[in-house]
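Architecture and fold: a report
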Amino acid sequence: MKITLIGATGFIGSVVLEEALNRGHKVSAIARHPEKISIQNDHLSVVRGDVMDTAALTEQLKGSDIVISAYNAGWTNPNLYTDFLKGAQSIQEATKQSGVKRLIVVGGAGSLFIAPGVQVVDTPEFPADWKPGASAARDYLSLLQKDDQLDWTFLSPALEMHQGLPRKRTGIYRTGLDNPVFDANNKSTISVDDLAVAIVDEAENPKHTRQRFTVAY
């Protein structure tokens, strides 16, 4: 499979890149700072790209079987909310214009429902520093759900999936749709490696076309 991966240098994107290459897929990695990608692989091509330039991005996506977007506008970006929405919509439009049918978007857990009508991002205990990014991903999901042209998938990680967790790849996870998946200890966690497994699994064997889903142990 020929995968175009956007955000290949990020926390999630860099691990998705490893997972896809380890499975033998051809990957075109688009990044703002391609010099950060040190992997050497015959199946990897590294491309400098700007998601805000829809026309240029369209050309870079042509010929792909699927686009995986791990785009993040930067957690310390003061315009995070606006830039994420603009960038995500540009990626969506470029995917359509390029003729690629499938798009997987890695979003946040903030849009998951913990009670009827109550999303995680709106709870009092949700960290304020994370709210702009989580709100942007939540609002983008609402926009993406109106798209009837692409075979899109939106993946929300478990409630606990961050850089402080140890890296481990088990290849085992459980899935849900709009509600968090909890284990026997009422924890909703996933490692970034197993999140990457779930992303590439979905790319290889689509089970959530035009759906949001979530994964956790």
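Everything in this summary refers to the structure shown in the same document. Because the structure is a prediction, the values reported are computed rather than measured.

Some details on helix α4 (residues 131–144)
With 14 residues, α4 ought to run about 20 Å at 1.5 Å a step, and its terminal C-alpha atoms sit 20 Å apart, in line with that. G133, A134, S135, A136, A137, R138, Y140, L141 and L144 are the residues of α4 that are buried. Buried positions along α4 lie against α3 (80–98), β5 (102–106), β7 (118–119), β8 (151–156) and β10 (211–216).

Regarding the pattern of salt bridges
Side-chain pairs of opposite charge can arise where the charged atoms are in close proximity. Applying the stated criterion across every chain yields a total of 14 salt bridges. Measuring nitrogen to oxygen at the nearest pair gives 2.8 Å for the salt bridge that ties D201 to R23. Pair noted here: D201 is in helix α5 (residues 192–204) and R23 is in the loop between α1 (13–22) and β2 (26–31), with a separation of 178 residues, a long-range link. Judged by relative accessible area, D201 falls into the partly exposed class, the value being 22%. The class of R23 is partly exposed, set by a relative accessible area of 25%. D139 serves as the salt-bridge partner of R138, at 3.0 Å between the closest nitrogen and oxygen. On the basis of relative accessible area, R138 is assigned to the buried category, the value being 15%. Classification of D139 by relative accessible area gives partly exposed; the value is 26%.

Thoughts on the pairing of β8
By the criterion of burial, β8 is predominantly enclosed, with five of the six residues buried. Sheet topology note: the β5/β8 ladder contains five bridges and is parallel. Its bridge partner being in β8, I104 is matched across the sheet by T153. Note: β8 against β10, four bridges, orientation parallel. Each residue of the ladder has a partner; that of S156, found in β10, is T214.

What about α1?
The buried fraction of α1 amounts to seven of the 10 residues, a majority that puts the element mostly inside the structure. Residues of α1 that are buried sit in contact with β1 (2–6), β2, β3 (44–48), β4 (66–69) and α5. At the exit of α1 stands G24, carrying a positive phi of roughly 90 degrees.

Section: the side chain of E19
With respect to the helices, strands and loops of the structure, E19 is situated in helix α1. By relative accessible area, E19 is classed as buried at 6%. Each residue touching E19, except ones within four places of it in the same chain, is listed here: R169, A196, V197 and V200.

Let's talk about the packing of α1 against α5
The contact between α1 and α5 brings their axes to 9 Å, and the two run at 55 degrees. By the angle between their directions, the pair α1 and α5 is classed as oblique. Relative to α5, the crossing made by α1 is right-handed. Along the contact surface, α1 presents V15, V16, E19 and A20, while α5 presents V192, D193, A196, V197, I199 and V200. Here the residues of the contact of α1 with α5 are counted per class, giving eight nonpolar, no polar and two charged.

As for the packing of aromatic side chains
Following the criterion strictly, the structure yields three aromatic pairs and no others. Judged by centre distance (5.8 Å) and plane angle (15 degrees), the rings of Y71 and F84 are stacked. Of this pair, Y71 sits in the loop between β4 and α3 while F84 sits in helix α3; the two residues are 13 residues apart in sequence, bridging distant segments of the chain. You can call Y71 buried: its relative accessible area is 9%. For F84, a relative accessible area of 8% corresponds to the buried category. Among the aromatic side chains, those forming a connected cluster through ring pairs are Y71, F84 and Y140. For K168, the ring lying beneath its charged end belongs to Y217, and the centroid distance is 4.7 Å.

Procedures and definitions
Residues numbered from 1 in each chain as written. Predicted model: local features only at pLDDT ≥ 70, side-chain atom pairs only at ≥ 80, totals over all residues. Heavy atoms only, no water. Helix = DSSP H or I, 4+ residues; strand = E, 2+ residues; numbered from the N terminus. Expected span 1.5 Å × (residues − 1). Buried < 20%, exposed > 50% of the residue type's maximum accessible area, 1.4 Å probe, protein only. Contact = heavy atoms within 4.5 Å. Salt bridge = Lys/Arg side-chain N within 4 Å of Asp/Glu carboxyl O. Pairing = 2+ DSSP bridges. Axes fitted to C-alpha atoms, helices over the stretch in contact; angles between N-to-C directions. Parallel < 35°, antiparallel > 145°, perpendicular 65-115°, else oblique. Left-handed = near helix turned anticlockwise from the far one by under 90°. Nonpolar A, V, L, I, M, F, W, Y, C, P; charged D, E, K, R; others polar. Phe/Tyr/Trp six-rings, centres within 6.5 Å; stacked < 30°, edge-to-face > 60°. Lys NZ or Arg CZ within 6 Å of the ring centre and 35° of its normal.

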